[in-house]
Amino acid sequence: MNAAARKTTGLFSALFDYPKYALMVLLSAFVLYFIAYPLVQILLQSVFVNGKFSLALHQEVFSRADNFAAVKNSLIVAGASTVFATLFGTIIAFIVVRTDIPFKPAVKFLFLLPFAIPPLFAAMGWVQLIGPVGYVTRSVQNLFSISSVPWNIYSQEGIIFVMAVTMYPFVFLIVSGALQRMDSSLEEVARISGSSNFQIMRHITLPLVKTAILAGAVLAFIAAIDNFGVPAVLGMRIRYYVLTTMIYESLSIPNIPLATAMSMLLVVLAFVAIYAMRVVEGEAKQYAVIGGKSIRPSVMRLGPARPFVILFIAVTLFFFVILPILSLFLTSFIKYFGAPIAWENFSFDNYERVLRMRNTVRAIANSLLLAPMAATILIVVASLISYLNVKAKIWGASKLDTLGMVPYALPGSVIGVAALLAWMRPPIGPSLYGTIWILLAAYLMRYMAFGLRSTRATLQQIHDSLEESAMTHGASRLRTIKDITFPLLKPGIISGWILIFLPAFRELTVSILIWSSGSETIGVLTFLMQDAGQPQRAAVLASLVMPIILILYTVTELMGGSKSK
Amino acid sequence: MERVIVSDLLKRFGDFTAVDQICFSIRHNEFFSLLGPSGCGKSTTLRCIAGLEDPDGGLIEIGGRRVFDADTNIPPNKRLLGMVFQNYAIWPHMTVYENISYPLRIAKKDSSEIQKTVTRVMETLGIGTLGHRKPHELSGGQQQRVALGRSLAMEPNLLLLDEPLSNLDAKLREEMRVELKTIQERTGTPILYVTHDQLEAMALSDRIAIMKDGKILQCADPLTIYNNPVDRFVFNFIGQSSSVDCEIIEEAAQSVRIAVDGQVIEIPRPPQVPAKKEASLAVRPEDIELLPYQDAQDVTLTGQIRIFLFLGNLIEYRVQLGDSLIQVHSDKSSPYKVGDKVRVHFKKTMLWER
């Protein structure tokens, strides 16, 4: 900058410079306290035992058989479910984007629905369907006059199955996005040169979307090792542990150092996965064909195969998406679990009972307090950081943005443990342990990245010239923000808010590690009920919450559609 | 009276000097263009004058007021300027009326006055009926006019236009050129116009400043620049031209003898004659006359027609002269065909160092 003494005579500089830097200080304090501090804490505590640098904790993780088993199981379960999820997700992506099936928007929406539903609910629903006394189980037993079915949902395979069915939307979303944006002229040339549909798919399309498939697979993998609800419901009762459930167990002893060490392991796994994805993306840069001039992807006519494909889509949609939800509702209404499905066995009794329980009301109230609070605080902070980063282009703000994005890559269990370590004995302020506020602090850390991403994206879409032309024509910086930037930012803020509210509202993985009596959330309570052998109460809670989730999710989809998560 | 004065304007981005101490001024009611290739510094200069960039040195005066120097830096919203951006920058969440009236609302003008002004501006620009439309309902040309209207509404000291026509198709661009010129004459507002399109700059401007690498090479009216370019770059940049290698044999007061492709001819002495023997003969297509091969005169060269293009109002030939192909414009009734040998007569030429 011009070193010459420059008296800032204009309102522009004077009014903005001062608050601009004050704002930066406040925002930095926020990010450092809620994000950097817990991360540093968990990192330090995992390698410093009794004040000395040591890897003893990590050794313990690998030396004890059950700990090591947890690591192995995490990899097996995540790996296998990712394979299936990728296969399924890719196939339906092709079918939905590239063939001439009907009702595409609806089909796409429905296939993405599992995004909105907590995997815990899905696990519950599947237990109710194909568990030992599940609806499907009993029907099959009656139908074939057998006393037991050949499958058991409480098993490693059960976990893999439910995870695959919950995680495939990651792959579906990314692959269908890539297929949509692909330059159709590449395939058209192949067609002119004589290739059949299938050959084009195999030789041209598939290789070109390879990166998208891999990217989706990595996301699914990360979500799988991160997940608590599914292995908790399906694995703990047969003492089959993965890293997330092991961390939960060790915290209930409590063996915090062990939990810390295992969290770091989770982090390493997640980072390896992300790194692998970066490498793949880098190699694929040379193929940059996505984003060509051609707008619509070429649609393949299915011909005689069409009815079969439609049937396939309908069946998979029904089985994987709709049925688990239906079974949850069913279970919530039925008088007792195991009762035959007949009109007289349905009632609202369960609902009455559950809603009258004090901890239900408390849990709902807690979630309704925490989620909007987290969303509001984060959206405000994120908007400010993003504005300073994208529009005012302050160097420090981009660093804050980067820092705020870090927890996004971390598994939820890690955030839970970090929150515990950080706010049991914080440097400033009282201990948050045992209160509801530790949950809020953890949510702030967890979802900061969501807020940053949506506000950043929206601001980037508002071309600089829109603000500049206001300033040229007489408006001060503040006036410009009020008249131009903010109205254009509003839709992004609203959808960003919902995008934080939704997951925070139904959250389980983080909350289960740091809750205490009185601060249960909906996710925590639902899990506890299911775990205590009260599937119906759990189903009631899930059924109460699901309409809210689904409505909000639909609203977000209608507003902006799902950009890649 | 100078409405805008720019003196020793300097702007650096790190090690790169985008604007290298340039000086120019714009008079009242003048259409002034900054013309040059990408990266020459013309947009940066414009943005410095607008106050959207902070220069590293120099001074800027607008309407008699010092808006920038070592002690002063008046923010953009206080400089009383109007600006039309390349992408129009019309606010999508406001109607046409709200867009155009915005500067007046900021200036807290009385609402009846605002309405009178905006209506008048919209009528002038032919968009009088579009008041409550939203930008996405307008065509490119209409959006362009809204952007113009917005910048004219407050009767600015200076109107800044940053390549405003580059997003329009050819026909619309021609129409808008005429309109811009008309508006400027009617309102008397001085215009600073930035473009890389030399045809546009010549058609519209009272004066042009040709920029390259942050410096102004020549600043004059279009005719002067066209006929008396200060150097080779300006000559090549403005209008069309072709060049042929030659050797200077003899210089005289009124003429020069040169050798082209083994043939010796005499040409009128151009404004500049290079010192070295090896030179480049540069000529505009309309300054070349083609004569039938049979007319043997010693002031002409021999060439062969290689390419024939019928452009409607004239014919363009590419004529082979030695190793070069030169571009020639002839009347639309010119009789030569591809393969014909012709005599080439230069009516006006330039000589540059090779």
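Fair warning: this is a prediction, and the values are worked out from it, not measured in the lab. (Residues numbered from 1 in each chain as written. Chains lettered and ligands numbered in written order. Predicted model: local features only at pLDDT ≥ 70, side-chain atom pairs only at ≥ 80, totals over all residues.)

*Asks:* Mind showing me how you'd approach the domain arrangement of chain B here?
*Replies:* Size of an interface: often given as the accessible area lost when the parts come together. Residues and elements named next belong to chain B. Taken as a whole, chain B is organised into domain 1 (2-236) and domain 2 (241-353). Between the C-alpha centres of domain 1 and domain 2 there is a distance of 40 Å. The partner domain 2 presents five residues to the four residues of domain 1 that form the contact. Class assignment of the residues belonging to the side of domain 1 that touches domain 2 gives a composition of one nonpolar, two polar and one charged. (Domains from an automatic or database assignment. Contact = placed C-beta atoms within 7 Å. Nonpolar A, V, L, I, M, F, W, Y, C, P; charged D, E, K, R; others polar.)

*Asks:* Sorry if this is basic, but what is going on with unusual backbone geometry here?
*Replies:* Most peptide bonds take the trans form, and the phi angle of most residues other than glycine is negative. Of note, the amide linkage connecting Ile-253 of chain A to Pro-254 of chain A takes the cis form, showing an omega dihedral of 0°. Here Pro-254 of chain A is to be found in the loop between α12 (243-252) and α13 (256-284). A positive phi angle, near 55°, is found at Lys-108 of chain B, a position not held by glycine. Judged by local crowding, Lys-108 of chain B falls into the exposed class, with 8 C-beta atoms found within 10 Å. (Helix = DSSP H or I, 4+ residues; strand = E, 2+ residues; numbered from the N terminus. Buried ≥ 20, exposed ≤ 12 C-beta atoms within 10 Å, placed from the backbone.)

*Asks:* Teacher, can you tell me more about the sheet that holds strand β3 (residues 31-35) of chain B here?
*Replies:* Remark on secondary structure: sheet strands pair via backbone hydrogen bonds, oriented parallel or antiparallel. All names here are of chain B. Spatially, six strands are ordered β7-β8-β9-β3-β10-β11 in an open sheet, and the strand pairing comes out mixed. Taken across any chain shown, the strands that pair with only one partner, and hence form the sheet edges, are β7 (81-84) and β11 (215-220). Ignoring which end each strand starts from, the neighbouring axes of this sheet average 20° apart. For strand β10 (residues 207-212) and β11, the ladder comprises five bridges, and the chain directions are antiparallel. Bridge pairing in β11 links Ile-208 to Ala-220. (Pairing = 2+ DSSP bridges. Axes fitted to C-alpha atoms, helices over the stretch in contact; angles between N-to-C directions.)

*Asks:* What is the right way to read the domain arrangement of chain A from this model?
*Replies:* Residue and element names in this part refer to chain A. One can read the domain layout of chain A as domain 1 (11-54 + 348-565) and domain 2 (63-347). Here the C-alpha centre of domain 2 lies 26 Å away from the C-alpha centre of domain 1. Contacts between the two partners involve 42 residues from domain 1, matched on the other side by 44 residues from domain 2. In terms of residue class, the side of domain 1 that touches domain 2 is made up of 25 nonpolar, 13 polar and four charged.

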